[in-house]
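Overview (structure and organization)
The lines below spell out each chain.
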Amino acid sequence: MELFSELNERGHEQVSFFHDSHSGLKGLVAIHNTVLGPALGGCRMWHYKNETEALVDVLRLSKGMTYKAAIAGLNLGGGKAVIIGNSKSDKTESLFRSFGRFVEGLGGRYITAEDVGTSIRDMEHVRMETDYVTGISQALGGSGDPSPVTAYGVFTGIKACVMEHLNSTSLDGLKVSIQGLGHVGMYLCENLHKEGAELFVTDIDQTLMGQAVENFGATPVEPESIYDLDVDVYAPCALGATVNPDTVDKFKCSIIAGAANNQLIENDFGVELKKRNILYAPDYAINAGGLINVSNELEGYNRERAFSQAEGIYDTLMEIFRRSNKEDISTNKASDLQAEDRIRKIGELKSFYLPYKKSFKIRNA
Ligand code: NAD
């Protein structure tokens, strides 16, 4: 791979490779963009087939974080770390403390968090070496499980979609299908049930299905039948890429709005949904509650503030829909443009206001 041309094409600022033979750490940190603030993004531990696969993954994921933070209105940039290894057999305290030292060495340009293959416990080991870590337990002053905030953000986002597409402020009687009753899906069911929505649920775990039926009067559905249900909203909360060539003509819903990452198998499917008059809430905009939650740790965690910030997802989506309508583009394209505009505008503003900010700090010193 021609590394610098790859970085140039994807717009990255920095990629760092870490190696520590004592702990066995082989890690990469990619910092995509720090115009809005330090790059925050999780640390993934994965048994990559080769180093190129790890590099491509960290580049792709870190760029996604730039867009997610920007659209959520956070003063954060996008970054991500990957550790090459098997998360089931290769984890040790020294590995994560070694990673923590490397993160410390980046001087705050990158802030880490848990991700696929890493846990709150691992982040606590990282924290022994650096303060540039979020997503630690509530007992240690962290934000704990982000799922309730993510689910609340998705719930708020569904309200925006219903207003935009069905011209209603009420969810009473709204038919919603939920795919995946895990951490986020179950909280989403609870929020929707309280507002009178009629729920259709699926999961490969029968126990979770039973809970949703009992607690929220949901109708259980077989996993493969979820796409062609006659509902108002389909909320994917399990897997990515469920909007694909096999499903796109099956949908009878008028809205797709859920927590899953990378819902469209390819960006062009945003256009396909628009053609079919299905309103799509861009995944990284509607599921930003998790990032909003951990980012709150940076200012001293406050759960109420995290929930209140997640409510902002309503207005964010409305702005995206406005742009999509005005420019006749897909909602995912409109979302990308909104995020890029914010980075550009705040970037310009920063250089303009820097002297004022400096003197302001001195006055308060
Ligand atoms: P989770 O692992 O707790 O739940 C996923 C659920 O989906 C599980 O119950 C699983 O059994 C079910 N599932 C798996 N395959 C399925 C299938 N084929 N059909 C139906 N159900 C299936 O995950 P989560 O934390 O609830 O996250 C859900 C999605 O939201 C993921 O894509 C995640 O990346 C994304 N997300 C989560 C957060 C968060 O705060 N947890 C934040 C942003 C995005």
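Criteria and thresholds
- Residues numbered from 1 in each chain as written.
- Predicted model: local features only at pLDDT ≥ 70, side-chain atom pairs only at ≥ 80, totals over all residues.
- Heavy atoms only, no water.
- Near = heavy atom within 4 Å.
- Polar contact = N/O pair within 3.5 Å; in protein donor to acceptor, adjacent residues only side chain to side chain.
- Areas by Shrake-Rupley, 256 points an atom, 1.4 Å probe, with all protein chains shown as cover.
- Helix = DSSP H or I, 4+ residues; strand = E, 2+ residues; numbered from the N terminus.
- Nonpolar A, V, L, I, M, F, W, Y, C, P; charged D, E, K, R; others polar.
- Core = buried A, V, L, I, M, F, W, Y, C linked by side-chain atoms within 4.5 Å.
- Buried < 20%, exposed > 50% of the residue type's maximum accessible area, 1.4 Å probe, protein only.
- Domains from an automatic or database assignment.
- Contact = heavy atoms within 4.5 Å.
- Pairing = 2+ DSSP bridges.
- pLDDT = per-residue confidence, 0-100.
- Expected span 1.5 Å × (residues − 1).
- Buried area = accessible area lost by both parts, 1.4 Å probe.
- Salt bridge = Lys/Arg side-chain N within 4 Å of Asp/Glu carboxyl O.

Around the ligand there are 18 residues in total, and Thr150, His183, Val184, Asp203 and Asn261 lie nearest to it. Take asparagine 261: an N or O atom from its side chain is 3.0 Å from an oxygen atom of the ligand. When isolated, the ligand has an accessible area of 840 Å², and the protein chains bury 72% of it. Put simply, the parts of the chain that give the shell around the ligand at least two residues each are α5 (147–166) and α6 (183–194). Class assignment of the residues belonging to the shell around the ligand gives a composition of 10 nonpolar, 7 polar and 1 charged.

Our next topic: the nonpolar core. Counting 64 residues, the largest nonpolar core has Ile178, Leu192 and Leu199 as the members making the most contacts within it. Here the element with the most residues in this core is α5; it accounts for 9 residues. Mapped onto the domain boundaries, this core takes at least three residues apiece from domain 1 (3–61 + 76–139) and domain 2 (147–338). Contacts of leucine 199, omitting those with residues within four sequence positions, involve Val176, Ile178, Cys189, Leu192, His193, Phe216, Ala218 and Thr219. The next biggest cluster of nonpolar side chains, apart from the first, holds 19 residues, and it includes Ile83, Phe99, Val103 and Val133.

Sheet strands associate in pairs through backbone hydrogen bonding, adopting either a parallel or an antiparallel arrangement. Here 6 strands make up an open sheet; going across it, the order is β9-β8-β7-β10-β11-β12 and the pairing parallel. Of all strands in the sheet, those bounded by a partner on one side alone are β9 (219–220) and β12 (279–280). Examined bridge by bridge, strand β10 (residues 233–236) and strand β11 (residues 255–256) share 2 bridges and lie parallel to one another. Of the residues in β11, the one forming a bridge with valine 233 is isoleucine 255.

Once that is clear, we can look at the confidence of the model for the protein. Per-residue confidence for the protein gives a mean pLDDT of 94; residues scoring 70 or more make up 96%. When the criterion is pLDDT under 50, residues 358–365 qualifies, and its contacts beyond four places in sequence or with other chains add up to 1 contact.

In this section: helix α12 (residues 313–327). Compared with an ideal rise of 1.5 Å per residue, which puts 15 residues at 21 Å, α12 spans 21 Å between its outermost C-alpha atoms and is within 8% of the ideal. Listing the buried residues of α12 in full gives Ile313, Thr316, Leu317, Met318, Ile320, Phe321, Arg323 and Ser324. Aspartate 328 sits one or two positions beyond α12 and adopts a positive phi of about 50°.

Attention now moves to unusual backbone geometry. The residue asparagine 262 is not glycine, and still its phi comes out positive at about 50°. With respect to the helices and strands, the residue asparagine 262 is situated in the loop between β11 and α8 (269–275). Phi is positive for asparagine 277, which is not a glycine, with a value near 60°. For asparagine 277, the position within the fold is in the loop between α8 and β12. With relative accessibility at 52%, the residue asparagine 277 sits in the exposed group.

In this section: the domain arrangement of the protein. Accessible area lost when the parts come together is the quantity often used to give the size of an interface. By the assigned domains, the protein splits into domain 1 (3–61 + 76–139) and domain 2 (147–338). Here domain 1 and domain 2 have C-alpha centroids that lie 28 Å from each other. Each side of the interface is counted separately: domain 1 has 9 residues, and domain 2 has 8 residues. Surface buried jointly by domain 1 and domain 2 totals about 570 Å² across both partners, of which 69% is contributed by carbon and sulfur atoms. Across the contact surface, domain 1 and domain 2 share 0 salt bridges. Applying the counting rule to domain 1 against domain 2 returns 2 residue pairs in polar contact (both at pLDDT 80 or more). Looking at side-chain class alone, the side of domain 1 that touches domain 2 contains 5 nonpolar, 3 polar and 1 charged residues.

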